[in-house]
Amino acid sequence: MKKIISFIIIMFILLSFESTVFAQDSKQIYEELDNMVQNLVVSDSAMGAVLSVVSNGEIQFYKGYGFADKYLGYEADGEKTAFRIGSVSKTFVAVAAQILNQEGLIDMNQDISIYLESDFPNPKYPVTMKELLTHTAGFEDIVTGIAVFNISDTEPLAKSVRKYIPAQAFKPGEVVSYSNYGIALAAYVIECISNQDFAQFCQERIFEPLDMTRTTFEYMHDIVYVSKPYLKSGNETIEPFMNLYPEGSAVSTAEDMAKYMIWLLNSSDNRILSSDFKKEMFSKQFTMSDELEGIGYIWNRKERNNEVYYEKKGETLNFYTRIALYPKNQTGIFVSFNTFLPEHKINELIKKATDLLYGEQNNYNFSPELATIDIKGLYTNNWSSFNTPEKILRYLIPNKMIQIRGSQENGYYINGNALELIGKDIYSSSIGMLKFQKINNKIILATESGITFSKVPLWQHRNVQLLVPSMFFILTFICFINELLLMIKNKTKNYYCLISYFIQIIFFITLFLLMYKGITTYSLLNYSLYIKICGAVILSFVLTNTGYTTCKAIKNKTFNPLSIAWNLTAVLFVLWIIWFNII
């Protein structure tokens, strides 16, 4: 009996000590993060933010900073003000899928076509729910249809997933290729199985059971006040509505997200999901390399000093969000801003929490013999378009293209920051751990999140892609002026060349105005027909012009340097519009 009592006392002391450690950790975390968020709002001109911290099954802290509506004087509030959480919304799709999985209504490894209507267009390769939730279904990225600026232009999910189907650039299960469409399709599968609108499914099966009373996918947001979006200048701006809405349109408060994090971390809380199905959601479902923790269902798995934590970021046009869960310490962090901030500054918040909970990253041992691949070169994000004119977005959106400089002997660099070799073709970098490997004769760069890159030739560099159309336009304009001046001076009456150059200038300007309009309204592919017409007109005149001037030069045995320069540039521009799938 005395032994039992002694054991109970010892266990009580240990548990009390552990709770005290957790309390000290969580207090230090929210004090540190509180100061950091406050400084970001003040010094970096973020109009407003919200933050919440949970630990050991309790909400430790939730708070608002700055303004949710500067004009009306509404301050950001951790309890009552909702922020747009972007792709953190995708985690609710994973929960919804696991609810159906738990009920035996879906097989995560079964071709999803058996759950869809018989007339639903089949992709090139069959895909499973598991592949959709791990971004391995192989879909290329398309932006058209993802968002609209007028709520009246939003479409039912049943329509949008049929209307904006991207091609599969990779075979399923081969490469992580982040896909907003894939998550929307996963939500539509849930709609088909449950015979219920996805937003309503989440409301009844997730938000209400977890007492998340101010969280919703509904466009009108009747249950909560949503923060206005702001520019760095402090001016209020416009935030588009997500059309493929399950991928990133949820709004929530810091308090509601705290309730969500407590449920996610508590394995014994069987509301909605049992511990086994909740655990499966965070388990390693796919990885590009054994050295990387990979991805669960939506959640990115990351490692620090042999301890795993889970993270997801969410970004809309103006809202920037992070959520991180630390199972060892039963701690969760949620933070969101209503103004653009550089990604590294938001990442510093999560890094600080990770340093406090799991310790600063241990030093790695440098082993030169572990570098078996020359990684120098240009890389394109596999989360991009490969078969449509939206390919041009990889040159306009930050972080879609990266360049690694240096050598195996002298070390490699990204954006001037050194890469540290820590394993076989694995590097520690300013953007996280990177693994390089050869897949199907391509060098693939895998990261700790659902993002991968493929090495591409240097001619695909942004500067080259901007130079070719610029030079074509400039030389065409010069040739037009030259022909006009010659005609004015009565030295020639070459009406064909004059008109040809003029038409090419007009259609070139029209082409890029259409592309600009399409890019800024998330609808570039809706202008595909007009874009192709412009491309075809330019192509036809380039071919006839180059043929005409070349034959004339050979006949007269005179070679005009300006004409030669234009011909070469025109041929390059034709190759450019072909490569960008304009024709």
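All chains use their own residue numbering, which begins from 1 and follows the written sequence. Where totals are concerned, whole chains, interfaces and linings use all residues; where local detail is concerned, this predicted model gives features only for residues with pLDDT of at least 70, and gives and counts side-chain atom pairs only at 80 or more. Where side-chain values are given, they derive from all heavy atoms of the structure, hydrogens and water being excluded.

Focus: the sheet that holds strand 17 (residues 420-423)
Logical step 1: One requirement defines pairing of two strands: DSSP has to find at least two bridges between them. Secondary structure elements are defined from DSSP: runs of H or I of at least 4 residues count as helices, runs of E of at least 2 residues count as strands, and each element is numbered from the N terminus. Judged by pairing direction, the sheet is antiparallel, and its nine strands sit side by side in the order 16-15-14-13-21-20-19-18-17 without closing on themselves. What marks the edges here is a single partner per strand, and that holds for strand 16 (417-418) and strand 17.
Logical step 2: Sheet topology places strand 20 (residues 442-446) next to strand 21 (residues 452-456); three bridges connect them, and they run antiparallel. Across the sheet, residue Ile444 finds its bridge partner in strand 21, namely Ser454.

Looking at helix 8 (residues 275-282)
Logical step 1: Among the residues of helix 8, those classed as buried are Lys278, Met281 and Phe282. For helix 8, the angular spread of the buried residues around the axis is 95 degrees, confining them to a single face. Along helix 8, the residues that are exposed and aim more than 90 degrees away from the buried face are Asp276 and Lys279.
Logical step 2: Buried positions along helix 8 lie against helix 2 (90-102), helix 7 (254-265), strand 9 (300-304), strand 10 (307-315) and strand 11 (320-326). Residue exposure (1.4 Å probe, protein chains only): buried if accessible area is under 20% of the type maximum, exposed if over 50%, otherwise partly exposed. When we speak of the arc, we mean the arc of directions from the helix axis to the C-beta atoms. Between two residues, a contact is recorded if the distance between any of their heavy atoms is within 4.5 Å.

Structural notes on the side chain of Glu140
Logical step 1: Mapped onto the fold, Glu140 is located in the loop between helix 3 (129-133) and strand 5 (147-148).
Logical step 2: One buried charged residue, Glu140, remains without a salt bridge, the closest side chain of opposite sign being Arg394 at 6.9 Å.
Logical step 3: Only 3.4 Å separates the side chain of Glu140 from the side chain of Ser385, close enough to count as a polar contact.
Logical step 4: There is a polar contact of 3.0 Å between the side chain of Glu140 and the backbone nitrogen of Asn387.
Logical step 5: Apart from the residues within four sequence positions on either side, Glu140 is in contact with Pro166, Ala167, Ala169, Ser384, Ser385, Phe386, Asn387 and Thr388. The charge count treats Lys and Arg as positive and Asp and Glu as negative. His and the chain ends do not count. The term salt bridge refers to a pairing of a side-chain nitrogen on Lys or Arg with a carboxyl oxygen on Asp or Glu at a separation within 4 Å. Contacts described as polar in this section are N or O atom pairs within 3.5 Å, which, within protein, must combine one atom able to donate a hydrogen with one able to accept it, while residues neighboring in sequence count only if both atoms come from side chains.

Things to note about the sheet that holds strand 10
Logical step 1: Across the sheet, seven strands lie side by side as 3-2-1-12-11-10-9; this open sheet has antiparallel pairing. Two strands lie at the open edges of the sheet, namely strand 3 (74-75) and strand 9, each paired on one side alone.
Logical step 2: Relative to strand 3, strand 2 (residues 58-69) is paired through two bridges, and the arrangement is antiparallel. Its bridge partner lying in strand 3, Phe67 is registered against Glu75.
Logical step 3: Angles run from 0 to 180 degrees between N-to-C directions of axes, and those axes are lines fitted to C-alpha atoms, restricted for helices to the stretch in contact. Its contacts with the sheet place helix 7 against strand 1 (48-55), strand 2, strand 11 and strand 12 (331-337), and it is angled at close to 30 degrees to strand 1.

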